[in-house]
Structure formats: structure tokens, C-alpha cells
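# Descriptive structure summary
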Amino acid sequence: MADLKSSETRNLEHYREIHRTDPRYGRSSQKLVGLIADAVRAGQATTPGWQPKTLLDFGCGKSQAAERVAKKLGLTHYLYDPAIPGREVLPVAQADIVMNTDVLEHLDEREVDLLIGDVRGLTDHAYFNIATAPASKVLDSGENAHATVQPPEWWQARIAAHFPTVVRLPAAKNRVSFATWPISDTAMRRVVAGDMWRRKDRVKAILYRLGLG
């Protein structure tokens, strides 16, 4: 399997304890299932020869997001998280798509490139979702759980240092979302309209999809 440089980050023991004691922690990515599936479909529409078969959730937490995305797209999914017993060993050396959600902001700045580099070693096609504001949770050390708080442009530049294509996608407030595969303007309109629809801004979604919004 791949040699991961990010497998022992500074606050890993804190997150092992949080996952051990909080059954709800690490499920936020389940809200992203529709967006991730739409972004993959948009990539396939832009590059018709791209036919992914495997999906790895890198830093999966307790989420079922990868399972749900895989079901929508007909993929085989795998889970990896160094803070969770039973998932701490990387199950595959390569994956057609790697999703990494709500992970990077928990790392020190010096650790960010290590993790992005690890993801790059596993795939050409990655999806990242990153918080851009402090967390409500504080670690036992007294530190905010979001060790690195930076604006979207900073994160895009860090990812672009590893991936040749970085496309910004819709995201919730105080979040930024990227895909590292091409998405045409037409396909992106469908992604944005789908995100509006899920946020119940449905009239605006229809108008946007028709080119009237």
C-alpha cells in the first residue's frame, strides 16, 4: 500500500479520543452526497471517456457519505481514517476518486501539503471540502479544532500545487469545495442548480438551469 506521510499528524490522538467518545462526530460529509455525485457526473459529461469505478473516503470519520455516493454512481467504495480503529489501514493503493471532507482544516499548515500530497499519490481525481472559519469544538489541549483557518483562495493554491486542475464547486457558508477534474461551464450550471435545489431555493434553481438566473 501507499506510504502515507500524513498518517501521524500532531493532533491525531485527540481525534482518536473524540471518535471513541462521541458517536456523532465525523458525519458532516453526509450532507455532501448529492453535490459530490453531481460533480462526478459533470466531470463525466465534460470528459466522456472518464469512467470511474472506485471511490476512497480519505478521512472518513463515522460518515456513510462514501457508501451513498458509491450507490448513486455504481462505484465500489473504500474507507480510511487513521483515528478510527478498523479503518486506520489504507485499503487500496489507488482509487479512481478520492473524497477528503472536513479534514484539511484540522491539520497544522505544515501538515496540509503532506495530506494533499498523499491524496495526489492515490488519484488524479479528488474532491475536497474544507472549513474556512474556526470550529465550535475545542480540543482538550485548549486549541480550536480547526488548526488552519484560511480563505478559499489560499486552499485553492495549496491544492493546485499538487493537482493540475482545480475547479471550485458550490459550498455551504464558511466552507469551500473543490474538484480536481475538468467541468465545463454547461455541466457546472447543472451542479450549481442541483445545489440550489437541495438548499430548497428551487425557483432560483430552475431559472438558473434555464439560463435565466
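Refer to the structure presented above.
### A closer look at the environment of G213
Assignment of secondary structure puts G213 in the segment after α7 (202–209). Residue G213 is classed as exposed on the basis of its relative accessible area, which comes to 65%. Separated by 20 residues in the primary sequence, G213 and A193 place their C-alpha atoms 9.9 Å from one another. Once you skip the residues sitting within four places of it in the chain, G213 turns out to touch R189, L207 and Y208.

### Considering the packing of helix α6 (residues 185–198) against α7
Packing of α6 against α7 brings their axes to within 8 Å, and their N-to-C directions diverge by 170°. In terms of orientation, α6 and α7 fall into the roughly antiparallel class. In this structure, α6 contributes R189, R190, V192, A193, M196 and W197 to the contact, and α7 contributes R202, K204, A205, I206, Y208 and R209. Its residues placed into classes, the contact of α6 with α7 shows seven nonpolar, no polar and five charged.

### Regarding the packing of aromatic side chains
Under the criterion given, the structure shown has four aromatic pairs. Ring geometry for W50 versus W181: centroids 5.3 Å apart, planes at 45°, classification tilted. Taken together, the positions of W50 in the loop between α2 (33–46) and β1 (54–58) and W181 in the loop between β6 (175–179) and α6 put the pair 131 residues apart, joining distant regions of the chain. The exposure class of W50 is buried, given its relative accessible area of 11%.

What counts, and at which threshold
- Residues numbered from 1 in each chain as written.
- Predicted model: local features only at pLDDT ≥ 70, side-chain atom pairs only at ≥ 80, totals over all residues.
- Heavy atoms only, no water.
- Helix = DSSP H or I, 4+ residues; strand = E, 2+ residues; numbered from the N terminus.
- Buried < 20%, exposed > 50% of the residue type's maximum accessible area, 1.4 Å probe, protein only.
- Contact = heavy atoms within 4.5 Å.
- Axes fitted to C-alpha atoms, helices over the stretch in contact; angles between N-to-C directions.
- Parallel < 35°, antiparallel > 145°, perpendicular 65-115°, else oblique.
- Nonpolar A, V, L, I, M, F, W, Y, C, P; charged D, E, K, R; others polar.
- Phe/Tyr/Trp six-rings, centres within 6.5 Å; stacked < 30°, edge-to-face > 60°.

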